[in-house]
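# Summary of structural features
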Amino acid sequence: MPELTASQLEMTPHSWEIIRAADQFTLQMTSISEINKTVLPELEAQAKNRINRITEEITQHLPEDEVPHLIKGMREFAKGILSLTDPKEGEGETTFTFSLDGSPGAALSQLTWLGMEQVQSNPHHELLRNSLLVSSISGFEVLFGRIARSIFKVNKAALNDSDHAFTLQQLADFESLADAREFLLEQRVSKLLYESLDGWEKWLKRAGGGTSMVALPVDWPRLREAFARRNLLVHADGVTNQLYLEVVNKLTPRSPVQLGEKLKVSGQYLDEHLQEILALGRLLSVEVGMKLHKGEKKAYISTLTTDINRMSHKGLWRTCIALSKYALGCELTRSQEIDVRTRGWVAQKEEFGLDSIKGEVEAWDVSGLSPFYALRKDAILESDSTSDTVRRLLADGTLTVFDVATDPLYKCFREQLKSEIVAAKELDHAETGEAST
């Protein structure tokens, strides 16, 4: 029977501060990802029928015998509008006069107003996606600010290297030198957050022991564009300007966007950028944490491997790939290394196809490992013999039905085994019933 154990990692308060900040950031990003995958597709589907729903809501307030008059008026009004947009040859300018009295006329007036409002405004799902992109990057800024605080607290030289000067009156207002230092810290973090992403990168290299966000295994051009697009959405309603083009024209590959073009945030765009932002936040916290607190590397690696497993189960493949690549460069135990490597392979398989990792997996020597790890290789390669191996591991308790039902490793043969398990349970119940009789 599986056993659950809980243990608290021994870490300094400064390390806990970094990990808690990264955990909160991760929860925020995964929540946004879930909204993008569940709520927004529903809103998008509803938007296609919104005019029909508005019409139904309005007609509910009309007496039944007046509904045909409204429908007839709607048809005549539509014909008149079309005549204005497509005048016949030789007629010159055309005019169109239409009137409808009573409740049907009032209903048509409101329906026309609401219809024009729908045409002129962005659909709800587009507005929400824009807001979610802004929220995700704002969430990263919060995380970066908390990481910066941790750097300043440990790296006293970075805080002391400040051009801020206190007046005698300000010093008199502080109860202690510690209060003055805390004020200076907040002032430095606030000033830092007003800088660009490129400015943060330069500061990290100086104050964070050579830390570089660009060097992390994330799609830096994609991230840089997302931050620039966030600024457009907040300050220019998504319409491209010279500031945006100055950023993206330096990236490779260059964006084909033109000046004055209005950018949108599609579901795919938001999903891909959320995963990159999530990877950047988690990896940055681990990288900085291990450099500031070298004696606690194992604790940071533990949080990283836990997140790799979580991202794999959530289907956040781009994040999982980035975290796995970074983790494989850390000091892992043998079991951690195998788990990280196989999770990374599954993520790459789901994102880019089996051929992208087939050669690596086939070259993996599992001859000296337990059948459980040999199963992982067969499962990733979708070997025909995998189901038989799973049956044996299920029988001896090495693998559980829950693992098969939820782990993306076993996706390729899950339905087959689930039906077999159900059939086996039904047979067992039948046999138990006969024995009782």
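The sections below set out a description of the structure shown in this document. (Residues numbered from 1 in each chain as written. Predicted model: local features only at pLDDT ≥ 70, side-chain atom pairs only at ≥ 80, totals over all residues. Heavy atoms only, no water.)

### Quick word on the overall build of the protein
So the rule is basically this: Secondary structure elements are taken from DSSP: a helix is a run of H or I of four residues or more, a strand is a run of E of two residues or more, and numbering for both begins at the N terminus. Remark: exposure states derive from per-residue accessible area (1.4 Å probe, protein chains only) relative to the maximum for the residue type, with buried under 20%, exposed over 50%, and partly exposed in between. Only heavy atoms matter for contacts: two residues are in contact if any of them lie within 4.5 Å across the pair. Accessible surface is estimated by sampling points in the Shrake-Rupley manner with a 1.4 Å probe; for residues, cover comes only from the protein chains shown.
Along the protein, the regular secondary structure elements total 20 helices and 0 strands. For the protein, with 437 residues in total, the buried portion stands at 40%. Put simply, of all contacts in the protein between residues at least 6 apart along the chain, 67% involve residues at least 24 apart. For the protein, the accessible surface area stands at approximately 24800 Å², while carbon and sulfur atoms represent 53% of it.

### Things to note about the pattern of salt bridges
Side-chain pairing between opposite charges can occur once the charged atoms of the two side chains come close. Which entries qualify depends on this criterion: Any Lys or Arg side-chain nitrogen found within 4 Å of a carboxyl oxygen on Asp or Glu counts as a salt bridge.
Tallying each qualifying case throughout the model produces 24 salt bridges. The partner of Arg224 in a salt bridge is Asp198, and the shortest N-O contact between them spans 3.2 Å. Of this pair, Arg224 sits in helix α10 (residues 220-236) while Asp198 sits in helix α9 (residues 197-207), placing them 26 residues apart in sequence. Put simply, Asp237 and Lys262 hold a salt bridge, and the shortest N to O gap is 3.0 Å. Of the two residues, Asp237 is situated in the loop between α10 and α11 (242-248) and Lys262 in the loop between α11 and α12 (267-292); the sequence distance between them amounts to 25 residues. Overall, Asp237 belongs to the partly exposed group, its relative accessible area being 49%. By relative accessible area, which is 41% here, Lys262 ends up partly exposed. When salt bridges that share partners are traced, they join Asp219, Arg222, Glu272, Glu276, Arg318 and Glu351 into one network.

### A word on the layout of surface pockets
Stated formally: Every definition here rests on a 1 Å grid over the protein atoms only: cavities are sets of points where a 1.4 Å probe fits but cannot get out, pockets are open sets enclosed by protein on both sides within 12 Å along at least five of seven lines, and lining residues have some atom within 4 Å of a point. Grid points are joined across faces, edges and corners, and a volume is the space filled by probe spheres set on the points. Under this grouping Gly is polar, as are all residues other than the nonpolar Ala, Val, Leu, Ile, Met, Phe, Trp, Tyr, Cys and Pro and the charged Asp, Glu, Lys and Arg.
Space inside the largest pocket adds up to approximately 360 Å³. Along the wall of the largest pocket there are 19 residues; nearest its centre are Ser196, Phe227, Ala228, Arg230 and Asn231. For the lining of the largest pocket, the secondary structure elements donating two or more residues are α9, α10 and α11. Take the lining of the largest pocket: its biggest share by element is 8 residues, from α10. Looking at the lining of the largest pocket, its residues break down into 11 nonpolar, 4 polar and 4 charged.

### Some details on the packing of aromatic side chains
Where we set the bar: Classification of ring pairs rests on two measures: the distance between centres of Phe, Tyr or Trp rings, Trp counted by its six-membered ring, which must be within 6.5 Å, and the angle between planes, read as stacked under 30 degrees, edge-to-face over 60 and tilted in between.
Enumeration over the complete set of coordinates arrives at 9 aromatic pairs. Aromatic pair Phe25 and Phe140: ring centres 6.2 Å apart, planes at 70 degrees, arrangement edge-to-face. Taken as a pair, Phe25 in helix α1 (residues 13-47) and Phe140 in helix α5 (residues 124-154) lie far apart in primary sequence, 115 residues in all. When the ring of Phe372 is compared with that of Tyr373, the centres are 5.4 Å apart and the planes differ by 75 degrees; the resulting orientation is edge-to-face. One aromatic cluster is present, built from ring pairs that chain together Phe25, Phe140, Phe144, Phe152, Trp200, Trp203 and Phe227.

### Considerations on unusual backbone geometry
In the Ramachandran plot, Asp237 falls in the positive-phi region, its phi being about 55 degrees despite a non-glycine side chain. With a phi close to 60 degrees, Glu382 is a non-glycine residue in the positive phi region. Within the secondary structure, Glu382 is located in the loop between α17 (371-381) and α18 (386-395).

### Observations concerning α9
Among all positions in α9, only Leu197, Gly199, Trp200, Glu201, Trp203, Leu204 and Ala207 are buried. Once α9 ends, the next one or two residues include Gly209, with phi positive near 65 degrees.

### Focus on the nonpolar core
Note the threshold: Here, nonpolar core means buried Ala, Val, Leu, Ile, Met, Phe, Trp, Tyr and Cys residues that are tied together by side-chain atoms lying within 4.5 Å of each other.
Judged by nonpolar contacts, the single largest core of 87 residues is most densely connected at Phe140, Phe144, Trp203, Met213 and Leu284. Here this core takes 13 residues from α12, the largest share from any one element. Those residues in contact with Leu284, other than ones at most four positions away along the chain, are Phe140, Phe144, Ile147, Leu204, Thr211, Met213 and Leu216. Residues Ala228, Leu232, Leu245 and Val247 belong to the second largest nonpolar core, which totals 9 residues.

### Looking at the environment of Leu245
Inspection of the secondary structure assignment puts Leu245 in helix α11. For the pair formed by Leu245 and Glu225, sequence separation is 20 residues and the distance between their alpha carbons is 9.7 Å. Residue contacts for Leu245: discarding those within four places in its chain leaves Val257 and Leu259.

### Description of the environment of Leu354
You can see Leu354 is positioned in the loop between α15 (334-352) and α16 (358-362). Judged by its relative accessible area of 22%, Leu354 is partly exposed. Setting aside chain neighbours within four positions, we find Leu354 in contact with Lys349, Ile380 and Leu381.

### A short note on the packing of helix α13 (residues 297-314) against helix α14 (residues 317-327)
Our working definition: Axis definition: a line fitted to C-alpha atoms, limited for helices to the stretch in contact. Angles are taken between N-to-C directions and run from 0 to 180 degrees. Angle categories: roughly parallel below 35 degrees, roughly antiparallel above 145, roughly perpendicular from 65 to 115, and oblique for all the rest. Helix crossings get a hand from a simple test, with the near helix turned counterclockwise from the far one by less than a right angle marking a left-handed crossing and a clockwise turn marking a right-handed one.
Two numbers describe how α13 lies on α14: the axes approach to 9 Å, and their chain directions differ by 155 degrees. One way to sum up the angle between α13 and α14 is to call them roughly antiparallel. The two elements α13 and α14 cross, and the hand of that crossing is left-handed. Counted together, Leu304, Asp307, Ile308, Met311 and Ser312 of α13 and Trp317, Thr319, Cys320, Leu323, Ser324, Tyr326 and Ala327 of α14 form the full contact between these two elements. A per-class count over the contact of α13 with α14 returns 8 nonpolar, 3 polar and 1 charged.

### Remarks on α14
Most of α14 sits inside the fold, with 10 of its 11 residues counted as buried. Along α14, the residues that are buried comprise Trp317, Arg318, Thr319, Cys320, Ile321, Ala322, Leu323, Ser324, Tyr326 and Ala327. The inward-facing, buried residues of α14 abut α10, α12, α13 and α15.

### Concerning the side chain of Glu337
Note the following rule: Counting of polar contacts relies on pairs of N or O atoms within 3.5 Å, with two restrictions inside protein: one atom must be capable of donating a hydrogen and the other of accepting it, and residues adjacent in sequence are counted only when both atoms are side-chain atoms.
Residue position: Glu337 is located in helix α15. For Glu337, a relative accessible area of 17% translates into the label buried. Here the side chain of Glu337 touches Arg334 through a polar contact of 2.9 Å, side chain to side chain. Side-chain polar atoms of Glu337 contact the side chain of Arg341, separated by 2.5 Å. Sequence-distant contacts of Glu337, that is, excluding residues within four places in its chain, are made with Leu328 and Leu332.

So far we have only geometry, and geometry alone does not tell us how the molecule works.
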